[in-house]
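# A look at the structure
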Amino acid sequence: MSNQTGNVQHTLPPLPYADNALEPVISANTLSFHYGKHHKAYVDNLNKLIAGTELADMSLEQIIAATAGKTDKAGIFNNAAQVWNHTFYWNSLSPKGGGEPPSSLKQKIESSFGGLDACKKELATAATTQFGSGWAWLVKDGDSLKVIKTSNADLPLIKGLKPLLTIDVWEHAYYLDYQNRRPDYVNAVLDKLINWGFAADNYA
Ligand code: FE2
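Rules of the game
Residues numbered from 1 in each chain as written. Predicted model: local features only at pLDDT ≥ 70, side-chain atom pairs only at ≥ 80, totals over all residues. Heavy atoms only, no water. Helix = DSSP H or I, 4+ residues; strand = E, 2+ residues; numbered from the N terminus. Rg over C-alpha atoms; globule rule 2.2 N^0.38 Å. Contact = heavy atoms within 4.5 Å. Areas by Shrake-Rupley, 256 points an atom, 1.4 Å probe, with all protein chains shown as cover. Lys, Arg positive; Asp, Glu negative; His and termini not counted. Charge placed at Lys NZ, Arg CZ, Asp CG, Glu CD. Donors = N, O, S within 2.8 Å, 3.2 Å for Na, K, Ca; no water. Tetrahedral: all angles 85-135°; square planar, octahedral: opposite > 155°, others 65-115°. Buried < 20%, exposed > 50% of the residue type's maximum accessible area, 1.4 Å probe, protein only. Salt bridge = Lys/Arg side-chain N within 4 Å of Asp/Glu carboxyl O.

## Looking at the overall build of the protein chain
If you tally the helices and strands in the protein chain, you get eight helices and three strands. Taken over C-alpha atoms, the radius of gyration comes to 17 Å for the protein chain, in line with the 17 Å a tight globule of 204 residues would show. Seen along its three principal axes, the alpha-carbon backbone of the protein chain occupies a region of about 50 × 40 × 30 Å. Partitioning the contacts of the protein chain with sequence separation of at least 6, the portion at a separation of at least 24 is 66%. Accessible area of the protein chain: about 9,600 Å², with a carbon and sulfur share of 50%. Separation between the mean location of the 18 positive side-chain charges and that of the 20 negative ones in the protein chain comes to 1 Å.

Have a look at this one:
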């Protein structure tokens, strides 16, 4: 979408499911605040911050690449990366998630981690030990898979890694439903919502 000056207007992508579709693991209340307030605010802030600048005509990925590591552009990077991270997070979850990955991805998980349980355990450890706000990720690193965690808005794209799926561990992702019990949120997401099909599509 463009505004009157022809610049790109970043938009809030529609959620891939209804806001109560992830219950009981993630409540409609959490989803409505997380998507409708937090994610929307990152989009709105980004559009305000880039208006009239050389970043105004760039794609989201181009803005992230152009501002990463630049302290004078930290506000723009943080909002752009959080727009990208949240869209990726919604797609990393599914009402029909959990269970077994597609066989192609399952083979990669077995060769990289030794098995699905070990992969889930690494994801859970990364998600629960990330100090403060951030993200846990399954990524493709060359021919193998690995788990990483990032702080605040940081993301694998700027580290030369291809993200396959993510779990948001900012408090706004779970506090209404789980209060301080981040491990309960993480384990429920991994068991019931994680979208292995999305990860397999991203690997291909
Ligand atoms: Fe979030």
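So much for the structure itself; the text now carries on.
## Some words on the coordination of the iron ion
Distances from the iron ion to its protein donors, His34 (NE2), His86 (NE2), Asp168 (OD) and His172 (NE2), fall within 1.9 to 2.1 Å. The coordination sphere of the iron ion comprises four donor atoms, whose angles at the metal cover 90 to 128°; the geometry is tetrahedral. Donor residues for the iron ion, ordered by position in the chain, follow H-x51-H-x81-D-x3-H. Here His172 lies in the loop between β3 (162-168) and α6 (175-178) and His86 lies in helix α3 (residues 74-92), a separation of 86 residues in the sequence. Accessibility classification places His86 together with His172 in one group, the buried group.

## Points about the environment of Gly134
Structurally, Gly134 can be placed in strand β1 (residues 134-141). Once residues within four sequence positions are removed from consideration, Gly134 is found in contact with Thr150, Ser151, Asn152, Ile167, Asp168, Val169 and Trp170.

## Topic: the environment of Leu46
Its location among the elements puts Leu46 in helix α1 (residues 28-50). With a relative accessible area of 0%, Leu46 lands in the buried category. A C-alpha to C-alpha distance of 34 Å links Leu46 and Leu105, two positions 59 residues apart in sequence. Excluding anything up to four places from it in sequence, Leu46 contacts His10, Leu60, Ile63, Ile76, Asn79, Ala80 and Val83.

## Looking at the pattern of salt bridges
A full pass over the atoms with the stated rule returns six salt bridges. When the shortest N-O distance is used, the salt bridge between Asp72 and Lys73 registers 3.7 Å. For Asp72, a relative accessible area of 63% puts it in the exposed group. The class for Lys73 is partly exposed, based on a relative accessible area of 22%.

By themselves these figures say nothing about function.
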